[in-house]
Amino acid sequence: MGVQGFQEYIEKHCPTAVVPVELQKLARGSLVGGGRQRPPQSPLRLLVDAENCLHRLYGGFYTDWVSGGQWNHMLGYLAALAKACFNGNIELLVCFNGAMEKGRLHEWVKRQVNERQTAQQIVSHIQNKGTPPPKVWFLPPVCMVHCIRLALLRFHIGVVQSIEDHHLEVISLCRENGFHGLVAYDSDYALCNIPYYFSAHALKLSRNGKSLTTSQYLMHEVAKQLDLNPNRFVIFASLLGNHILPDEDLAAFHWSLLGPEHPLASLKVRAHQLVLPPCDVVIKAVADYVRNMTDFSDLEAIANDIFRHSQSRTDDKVVRFKKAVEYYSAASKSQHFSPYQVCVLPPPVVEPGPGTGANAGPGGDPGLSPGSCGSGLAVESAVGKTLAEQVPSSFSNIPPNEKHTPLYERSSPINPSIPPRGTAATSPPSSSSSTSSENEDNAGFTANHVSDHKGGWDRPSESTAEGELGGWDKPSESTAEGDHLNAQIPSLLSMPTRNHMDITTPPLPMVAPEVLRVAQHRHKKGLMYPYIYHILTKGEIKLSVTIEDEANQELPSAVQLFRPIRQHVYGVLFSLAEAKKKAERLAMRRNRLPEYPPVAVKEWAAYKGKSPHTPELVEALPFREWTCPNLKKLWLGKAVEDKNGRMRAFLACMRSDAPAMLNPACVPTHLLVLCCVLRFMLQWPGVRVLRGKELDAFLAQALSPKLYEPEQLQELKIDNLDPRGVQLAALFMSGVDMALLANDVCGQPIPWEHCCPWMYFDGKLLQSKLIRAIRDKAPLIDLCDGQVDQVNKVKKMRQSILEGLNFSPPPPPTPTPCLSTPRGMSTQGGKLEIAGTVVGQWAGIRRGRGRGGFPIQVVSVGGPNRGRLRGVISTPVIRTFGRGAKFPLRGFKSQGTYQVGHGTYQVRQGK
């Protein structure tokens, strides 16, 4: 499709341009095709785009990915990769996509739609055949990106994250930091004049770990095959169809290139649907068109020619065509961006053994910390030490004062005197643990704290940020010419091609400049979840599709189940507890009721009954039980009370603030995340998510010695895979994803080594335990392989998880007269308020089997707001379980306005 099909075109139609290479040989000599010679003994420095390489870094298309992920197998593969690179004198830097990229949101929406269909195919396949799905349906296990990031840090492989435009930042990073090549799989890189471009999909490590091979793309051969001068690749890429000017807008132009005599001309219109020409046909036709251009610098003339068949929105298309040319021009030139300050320590030599690599258990080598690096490229004195001194062999060897030091504090110092671009140059004085907030009552609110150029480098004037692409976010009026008899493309082309809707949100609370500086630093260094920076600066988050059966009402979707965690995370990030106290103090001084400014975050997600085309506004919530410290104290406080506050904030986010959870005799530290997630899953106010036997299976697999034996697990055979077990594993890993997010937000109270899923989870092992527990009715002693000490540990953890939980069913709903459901509302029950007065309620339809129904919904019409967000997903009070998740209102199906807080905010159609 469009420019993204160019990569496959190279492999299918330009065989001479795809050359197999062995990276160890390249490290010993020159690159294929000659070129830059490296100094003797210097490493071969390669930049890896992780977004194109996730399945290879995971270890390949193993059939067991469907069970929730085999993280110790992945760890063993990355250990072998680190060792091969170290022995082969290869230095890797892996760049993860940490950018929100609103300009590519329509591409993300399409991917989510496709992955959602794939997830349903996977569930159907397991239900019908009981076997793992084929590898062509590979859907990355939940949390895989963050697991890979943590594992790379463990093995001292350099990691960075993009922040605004992933592709432009990868290209500039590759050029400006002296890398010898880029390992990726994306047509944008192929068309942007990358000197040495290697295939991420072909990256393979031999079984003995000595040979690392891939393919190199020779772009001069591709240009020869197309008979196209490389200096015209910019126009070529702009006319193929891309994220700025999609191929739907270029369909009329592409069909006109083929002409009416082409064999495919009759396919232009089929059943009143827009049909695009095949990608390889379009590539050849566009190459011929660009080759025959007389003057490719006159963009206005080119635009008038290519859009002469356009029926509507011609001016908008011309603008976006010019923006596309500017984008690829900026990407193809060697821009002088201020580079990332990269520091990469040599990967450690990972010797096989019980305390290292994939076989490391809870007491063996979980404490590998990332390499120290300062503000420049110079590596500190650790480089001169031996590898044994750099990498402790066990967690117990870490000095006591660093054993529980957060990942970011062990990695890089923060220079508070240099604020990032876009932040205020004058920041408030640093606050100690006892700093009072009395003088901050008048803190303002802002819609965006950091400007669009806050990435730490200077953007060229001709490059475009995702929000600046010439009227993208403005709806364009359709002027279809329905009576145009000679139109060669149906009037469907007159419709906007952006198939998503956006929402204007209330302004975000002001965040301290030093907090933003720390967030930006950790984000770019890959030391923090990418969600955090975008929540603070943009108030948005994107959640990927998970494996779930949309026809099954027994289990909630992961987005809804763990939404209360995110709501409290938003409250911690924006220091809502402190803001509430300020509002109350101000109201007392002015003798009036307190007003709480609304805070909401946009969540883009696709799940049961919810498409990814529309975001949901989710309300940020403070803790009801206690006043959480502000974000500055959680992140920068050094006092003992600050450290205690971090742990309590994390446990409160996970609804696990129980004494036994912090007792190592009951819950070992490396199993705390596991127990918190399981406890949270048990508190879903609807149907019972986890049954007793399933809880035992989760705990038994976490304590099994087989967890640290990936070779044995590879030989483990599972008969008749259980669909419910697969969905439970996906739900659990979604909970781990949110727990790791909460841990980062709260200042990493749990050491990052103890958060990694390979310490407590293996999907294939879990499925085997679930089958024995549910189908075979095996007792707990059998689940623990006859080990009595494991049985005792499981019982202690189970008791700690269930402490204080009440599982009595809620009272049945009171019968009420039947009322018609308002348009757009769910039939799960609710009540109708007019001017703040309840005028009716309905019980709805009982969904699924369980102890009680889902929480009711409330629709308010008119009346005072009192700071309450209208049309925003909040969380009602559940008597049995405390606060529970609420199903979203179907309020954003069409354009309209919503009264939110102190103003009116519109839903608008994305183009």
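Remember, it's a predicted structure, so these values are computed and weren't measured experimentally.

1. Let's talk about the overall build of the chain
Next, step 1: Scanning the chain for helices and strands turns up 30 helices and 23 strands.
Next, step 2: With 911 residues in all, the chain has 58% of them scored as buried.
Next, step 3: Per element, the accessible surface of the chain, about 36700 Å² overall, is 52% carbon and sulfur.

2. Examining the packing of aromatic side chains
Next, step 1: This model, assessed by the stated rule, comprises 13 aromatic pairs.
Next, step 2: With a centroid separation of 5.1 Å and an interplanar angle of 45°, the aromatic rings of Phe-698 and Phe-732 are classed as tilted. Here Phe-698, found in helix α25 (residues 692–703), pairs with Phe-732, found in helix α27 (residues 723–745); they are 34 residues apart in sequence, far enough to count as distant. In this structure, Phe-698 and Phe-732 share a single accessibility class: buried.
Next, step 3: Following the ring pairs from residue to residue traces out a cluster consisting of Phe-6, Tyr-9, Phe-233 and Phe-236.
Next, step 4: Over the ring of Trp-635 we find Arg-522; its NZ or CZ atom is 5.0 Å from the centre of that ring.
Next, step 5: A cation over an aromatic ring shows up here: Lys-580 above the ring of Tyr-596, its NZ or CZ 5.9 Å from the ring centre.

3. Some thoughts on the packing of helix α1 (residues 6–13) against helix α12 (residues 279–291)
Next, step 1: Packing of α1 against α12 leaves a shortest axis separation of 10 Å and a crossing angle of 90°. What the angle tells us is that α1 and α12 run roughly perpendicular. Mapping the contact onto sequence places Phe-6, Tyr-9 and His-13 in α1 and Asp-280, Ile-283 and Lys-284 in α12.
Next, step 2: Here the contact of α1 with α12 is composed, by residue class, of 3 nonpolar, 1 polar and 2 charged.

4. Considerations on unusual backbone geometry
Next, step 1: In this structure, Glu-101 takes a positive phi of about 50° despite not being glycine.
Next, step 2: Among the structural elements, Glu-101 can be located in the loop between β3 (90–96) and α5 (105–129).
Next, step 3: In the Ramachandran plot, Arg-655 falls in the positive-phi region, its phi being about 55° despite a non-glycine side chain.
Next, step 4: Its location among the elements puts Arg-655 in the loop between α23 (640–653) and α24 (672–682).
Next, step 5: For Arg-655, a relative accessible area of 13% corresponds to the buried category.

5. Points about the packing of α27 against helix α28 (residues 763–774)
Next, step 1: Interaxial distance between α27 and α28 falls to 10 Å at its minimum, and their mutual angle equals 135°. When the axis of α27 is compared with that of α28, the two are oblique. Crossing of α27 against α28: the hand is right-handed. In this structure, α27 contributes Gly-725, Val-726 and Ala-729 to the contact, and α28 contributes Leu-766, Gln-767 and Leu-770.

6. With respect to the environment of Asp-782
Next, step 1: Checked against the element boundaries, Asp-782 lands in helix α29 (residues 780–783).
Next, step 2: With a relative accessible area of 32%, Asp-782 lands in the partly exposed category.
Next, step 3: Remark: the alpha-carbon pair of Asp-782 and Lys-769, spanning 13 residues in sequence, is separated by 9.4 Å.

7. Brief notes about the sheet that holds strand β15 (residues 600–604)
Next, step 1: Strand order in this open sheet of 3 strands is β14-β15-β16, and the pairing throughout is mixed. Each edge of the open sheet carries a strand with a single partner, namely β14 (540–542) and β16 (616–619). Averaged over neighbouring strand pairs, the angle between their axes works out to 30° when direction is ignored.
Next, step 2: The pairing of β14 with β15 spans 3 bridges and is classified as parallel. By the bridge assignment, Ile-541 is partnered in β15 with Glu-603.
Next, step 3: Running at roughly 150° to β14, helix α18 (residues 530–537) makes contact with β14 and β15 of the sheet.
Next, step 4: Taken strand by strand, helix α20 (residues 563–573) contacts β14, β15 and β16, and its axis lies near 65° from that of β16.

8. Thoughts on the environment of Ala-665
Next, step 1: Locating Ala-665 in the fold gives a position in the loop between α23 and α24.
Next, step 2: Classification of Ala-665 by relative accessible area gives exposed; the value is 54%.
Next, step 3: Linking Ala-665 and Met-797, residues 132 residues apart in sequence, is a C-alpha distance of 9.2 Å.

9. What to know about the nonpolar core
Next, step 1: Ranked by size, the top nonpolar core spans 225 residues in total, and within it Phe-6, Phe-236, Trp-635 and Phe-732 carry the most contacts.
Next, step 2: Element by element, the count of residues in this core is highest for α27, at 14 residues.
Next, step 3: Those residues in contact with Phe-6 that lie beyond four places of it in its chain are Ser-187, Ala-190, Leu-191, Met-219, Val-222, Leu-226, Phe-236 and Ile-283.
Next, step 4: The next biggest cluster of nonpolar side chains, apart from the first, holds 5 residues, and it includes Met-100, Leu-105, Val-109 and Trp-604.

10. So, helix α21 (residues 576–590)
Next, step 1: With 15 residues, α21 extends 21 Å between its outermost C-alpha atoms, agreeing within 8% with the 21 Å of an ideal straight helix rising 1.5 Å per residue.
Next, step 2: By the burial criterion, the buried members of α21 are Leu-576, Ala-577, Glu-578, Lys-582, Ala-583, Arg-585, Leu-586 and Ala-587.
Next, step 3: Where α21 is buried, its residues meet α20.
Next, step 4: In the segment just after α21, Asn-591 is the residue with positive phi, at about 60°.

11. A short note on the confidence of the model for the chain
Next, step 1: The pLDDT averaged across the chain works out to 75; a share of 67% of its residues lies at or above 70.
Next, step 2: Contacts for the low-pLDDT stretch residues 845–866, under 50 throughout, to residues beyond four places or in other chains number 73 contacts.

12. A closer look at helix α17 (residues 513–524)
Next, step 1: A rise of 1.5 Å per residue sets the reference length of α17, with its 12 residues, at 16 Å; its end C-alpha atoms lie 17 Å apart and thus fit the reference within 8%.
Next, step 2: For α17, a buried count of 11 out of 12 residues is recorded, marking the element as mostly surrounded by other parts of the structure.
Next, step 3: Turning to α17, its buried residues are Pro-513, Glu-514, Val-515, Leu-516, Arg-517, Val-518, Ala-519, Gln-520, Arg-522, His-523 and Lys-524.
Next, step 4: Once α17 ends, the next one or two residues include Gly-526, with phi positive near 70°.

13. So, the state of the cysteines
Next, step 1: Evaluated as defined, the whole model comprises 0 disulfides.
Next, step 2: Cys-675 provides the cysteine sulfur closest to Cys-666, a residue in no disulfide bond, and the two sulfurs are 9.9 Å apart.

14. Some details on the pattern of salt bridges
Next, step 1: This structure, assessed with the given rule, holds 33 salt bridges.
Next, step 2: Measuring nitrogen to oxygen at the nearest pair gives 3.9 Å for the salt bridge that ties Arg-104 to Glu-101.
Next, step 3: We classify Glu-101 as buried; its relative accessible area is 8%.
Next, step 4: Arg-320 is the partner of Asp-249 in a salt bridge, and the nearest nitrogen-oxygen pair spans 2.8 Å. With Asp-249 in the loop between α10 (233–240) and α11 (251–258) and Arg-320 in helix α14 (residues 314–332), this pair connects stretches of sequence that are 71 residues apart.

15. Brief notes about the side chain of Thr-537
Next, step 1: Turning to its location among the elements, Thr-537 is positioned in helix α18.
Next, step 2: Residue Thr-537 is classed as buried on the basis of its relative accessible area, which comes to 0%.
Next, step 3: At 2.7 Å, the side chain of Thr-537 forms a polar contact with the backbone oxygen of Tyr-533.

16. Notes on the environment of Leu-728
Next, step 1: Along the chain, Leu-728 turns up in helix α27.
Next, step 2: The class for Leu-728 is buried, based on a relative accessible area of 0%.
Next, step 3: For Leu-728 and Gly-763, which are 35 residues apart along the polypeptide, the C-alpha to C-alpha distance reads 10.0 Å.
Next, step 4: Look past the residues within four positions of Leu-728 in its chain and what remains in contact with it is Leu-555, Val-689, Leu-690, Glu-694 and Phe-698.

Conventions and cut-offs
- Every chain begins its residue count from 1, and numbering advances along the sequence as written.
- The model is predicted, so local features are restricted to residues of pLDDT at least 70 and side-chain atom pairs to those at 80 or more, both for listing and for counting; the totals for chains, interfaces and linings are taken over all residues.
- Computation of side-chain values covers all heavy atoms of the structure but excludes hydrogens and water.
- The way it works is that DSSP assigns letters per residue, a run of H or I at least four long becomes a helix, a run of E at least two long becomes a strand, and they are numbered from the N terminus.
- Burial classes: relative accessible area under 20% of the type maximum marks a residue as buried, over 50% as exposed, and values in between as partly exposed (1.4 Å probe, protein chains only).
- Only the protein chains shown count as cover for residues, and the accessible areas themselves come from Shrake-Rupley with a 1.4 Å probe.
- The aromatic pairing rule takes the rings of Phe, Tyr and Trp, using the six-membered ring of Trp, and pairs them if the centres are within 6.5 Å, calling planes under 30 degrees apart stacked, those over 60 edge-to-face and the rest tilted.
- Should the NZ of a Lys or the CZ of an Arg lie within 6 Å of a ring centre and within 35 degrees of the ring normal, that charge is described as sitting over the ring.
- Note on method: axes are straight lines fitted to C-alpha atoms, helices fitted across the in-contact stretch only, with angles between N-to-C directions ranging 0 to 180 degrees.
- Any angle that is under 35 degrees is reported as roughly parallel, and any over 145 degrees as roughly antiparallel; angles of 65 to 115 degrees are reported as roughly perpendicular and all others as oblique.
- By definition in these notes, contact holds between two residues if any of their heavy atoms fall within 4.5 Å.
- Residues are sorted three ways: Asp, Glu, Lys and Arg are charged, Ala, Val, Leu, Ile, Met, Phe, Trp, Tyr, Cys and Pro are nonpolar, and all the rest, Gly among them, are polar.
- Note: crossing handedness is left-handed where the near helix turns anticlockwise from the far helix by less than a right angle, and right-handed where it turns clockwise.
- In this description, strands pair whenever DSSP reports at least two bridges between them.
- Residue types Ala, Val, Leu, Ile, Met, Phe, Trp, Tyr and Cys, when buried and joined through side-chain atoms within 4.5 Å, form a set referred to as a nonpolar core.
- The length a helix should cover is 1.5 Å for every residue beyond the first.
- Here pLDDT means the predictor's own confidence in every residue, given as a number from 0 to 100.
- Any two cysteine sulfur atoms lying within 2.5 Å of each other are counted as a disulfide.
- Whenever Lys or Arg places a side-chain nitrogen within 4 Å of a carboxyl oxygen from Asp or Glu, that contact is recorded as a salt bridge.
- The definition of a polar contact used here is a pair of N or O atoms within 3.5 Å, where within protein one atom must be able to donate a hydrogen and the other to accept one, and adjacent residues in sequence count solely through side-chain atom pairs.

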